[in-house]
Protein chains: 2
Amino acid sequence: MSTSKPDRQRLSRDLVLRSALTIADREGSAGLTMRLLSTELGVVPMALYKHVANKDELIDGIVDLVWAEVEPPDASGDPAQWRPAMRARAVSLRETLRRHPWAVGLMETRMRPGPANLAQHNAMMGCLRRAGFSFRNTVHVTSVLDAYVYGFALQQQTLPFDTAEESGEVAQQKLEQQPAELAELAARFPYLIEVVAELATAGYDYDAEFETGLDLILDGVQRLRPEWVGGSGA
Amino acid sequence: MSTSKPDRQRLSRDLVLRSALTIADREGSAGLTMRLLSTELGVVPMALYKHVANKDELIDGIVDLVWAEVEPPDASGDPAQWRPAMRARAVSLRETLRRHPWAVGLMETRMRPGPANLAQHNAMMGCLRRAGFSFRNTVHVTSVLDAYVYGFALQQQTLPFDTAEESGEVAQQKLEQQPAELAELAARFPYLIEVVAELATAGYDYDAEFETGLDLILDGVQRLRPEWVGGSGA
DNA sequence: ACCTGAACACCGTTCAAGT
DNA sequence: ACCTGAACACCGTTCAAGT
């Protein structure tokens, strides 16, 4: 036993970033601290600074790890099939944001986009350009689709239920638990309560809701280029 | 001079919240600390805790102050004019988020919606219900519009320029400054660079971009209820 | 009822030193 | 080249005390 500390993996930028991502997924963005990260790596806080300039760069790093998980639109596919390709990318982006909820407020706020982010948007714009969209419309489509996915993910974090069944239960509980408080709310916000009550009995499905809005937007996008009304083959 | 500290306003929940909002606007969300807030109010940190349970409640409070700035759709208007009303509300929400950029990641993430938030969404759902939208479609429309506005505001925070002229300058500088780096980027991300270059020379206008996407979505919304194709009168 | 003082358990990060 | 120790200037918040 001449070598000491044989059980600890040698630190590397990649190991640091991956551990940070694991912590963020488990503890949320507020729970990710340099000090916790260092202790989980069996190391003193300052050891991290050899592999990462500071916490900001650490976050840039893990945000790009998240971007790398988003499936880009298939570049080898038929250009006329831009719509299913764009749809699948939007769904993949949303699923990725669901796996890393802490990232939603950060993905587009980071000032220095990483290589995975650039590659992702390059693939997206390539898909649209090859399909015949103008420069300007390529920007419009990217802008509106990404905005929708982000905003939807942001909204989903607020609501206190995760599944359709749960939505009904939660509303039912609220209704039975505080009838007095509810009566006051109903007086002040009649339309809101009415819609929420209806929603609760019918059940609320995030996936279906997301896809309804997505298809509504894709219909609008398709109208931007009337030459091709939806791909040639299928 | 028998009374001491005559110049300091007496603390109140409202004063605390308004001061916190001012600091958040000036310093960003990370710059808003209980300690800075207390010194700006000429008081010891612990004094705040008489008026606000903790920092989380403080943030809930200022987020609701922001909601109160959003213009609700006019309830007294012609129900058939739901489209301009919805459009104006989306624009107002975006302008509010521009005035308080720190709030974008927080407005929909807060778990306990405040009264201004509830009132805002009640007005929105009332406008849609009176216009004849079904419960389910009212939810669809609210969901897709809010998601778009949030996501757009989130995206706008990333980009390193604010005005159309600036966008051209920034791109021009990048182009002249690091031609070698740019060449490498162009090789790896050809579509992205091509679109960005085109955008830079033509200029990029956030307001126009936002309204293009908004109108695309409103077209889709209008197709949800074919009975009224755009209001009766005008 | 409202504010203060001192303290606790945390942060990110610098600087000089160890191996 | 990589990691450590001690320190600094910050956090939010509790608890007991002042007026």
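Look up a bit, the structure's there.
Residues numbered from 1 in each chain as written. Chains lettered and ligands numbered in written order. Predicted model: local features only at pLDDT ≥ 70, side-chain atom pairs only at ≥ 80, totals over all residues. Heavy atoms only, no water.

## A short note on the protein's contact with DNA strand C
Our working definition: It suffices for a single heavy atom of a residue to lie within 4 Å of a molecule or strand for the residue to be listed as near it. As used in this structure description, the phrase polar contact means that two N or O atoms lie within 3.5 Å; if the pair is within protein, one of them must be able to donate a hydrogen and the other to accept it, and residues adjacent in sequence are counted only when both atoms belong to side chains. Throughout this entry, Asp, Glu, Lys and Arg are counted as charged residues, while Ala, Val, Leu, Ile, Met, Phe, Trp, Tyr, Cys and Pro are counted as nonpolar. The remaining residues, Gly among them, count as polar.
The local shell around DNA strand C holds 18 residues, among which Met34, Arg35, Met46 and Tyr49 of chain A together with His51 of chain B are the closest. Separating a phosphate oxygen of DNA strand C from a side-chain N or O atom of tyrosine 49 of chain A is a distance of 2.9 Å. Class assignment for the residues of the surface near DNA strand C results in eight nonpolar, three polar and seven charged.

## Some words on the protein's contact with DNA strand D
Near DNA strand D lie 18 residues; those nearest to it are Arg10 and His51 of chain A together with Arg35, Met46 and Tyr49 of chain B. Backbone atoms, meaning sugar and phosphate, form 50% of the atoms of DNA strand D found within 4 Å of the protein. Note that a phosphate oxygen of DNA strand D is positioned 2.9 Å from one of the backbone N or O atoms of methionine 34 of chain B. In this structure, arginine 35 of chain B approaches DNA strand D through a side-chain N or O atom, which is 2.5 Å from a base nitrogen.

## A short note on the interface of chain B and chain A
This is how it is decided: Here, residues are in contact when the closest pair of their heavy atoms is within 4.5 Å. Take the accessible area each of two parts loses on contact, using a 1.4 Å probe, and add the two losses: that sum is the buried area. Salt-bridge detection follows one rule: a side-chain nitrogen of Lys or Arg within 4 Å of a carboxyl oxygen of Asp or Glu. The numbering of helices and of strands both runs from the N terminus, where a helix is a DSSP run of H or I of at least 4 residues and a strand a run of E of at least 2.
Taken residue by residue, the interface counts 56 residues in chain B and 56 residues in chain A. Contact between chain B and chain A buries roughly 4900 Å² in total, counting both sides, with carbon and sulfur atoms accounting for 68%. Note that arginine 129 of chain A and glutamate 194 of chain B form a salt bridge whose closest N and O atoms lie 3.9 Å from each other. Inspection of the region where chain B meets chain A yields 10 residue pairs in polar contact (both at pLDDT 80 or more). Of all elements in the fold, only helix H5 (104–107), helix H6 (115–130), helix H7 (135–158), helix H9 (179–188), helix H10 (190–202) and helix H11 (206–222) of chain B reach the threshold of two or more residues within the side of chain B that touches chain A. With 18 residues, H7 of chain B is the single largest residue contributor to the side of chain B that touches chain A. Residues of the side of chain B that touches chain A, tallied by class, amount to 27 nonpolar, 17 polar and 12 charged.

## Observations concerning the packing of aromatic side chains
This is how it is decided: Ring pairs shown here join Phe, Tyr and Trp side chains whose ring centres sit within 6.5 Å, with only the six-membered ring taken for Trp; geometry is labelled stacked below 30 degrees between planes, edge-to-face above 60, and tilted in between. Our definition puts a charge over a ring when NZ of Lys or CZ of Arg is within 6 Å of the ring centre and also within 35 degrees of the ring normal.
Tallied over the entire structure, the rule returns 10 aromatic pairs over all chains. Each member of the aromatic cluster is reached from another via a ring pair, and the members are Tyr148, Phe152 and Phe210 of chain A. Cation over ring: arginine 94 of chain B sits above phenylalanine 210 of chain B, and NZ or CZ is 4.8 Å from the ring centre. The cationic tip of arginine 129 of chain B hangs over the ring face of phenylalanine 135 of chain B; the distance from NZ or CZ to the ring centre is 3.8 Å.

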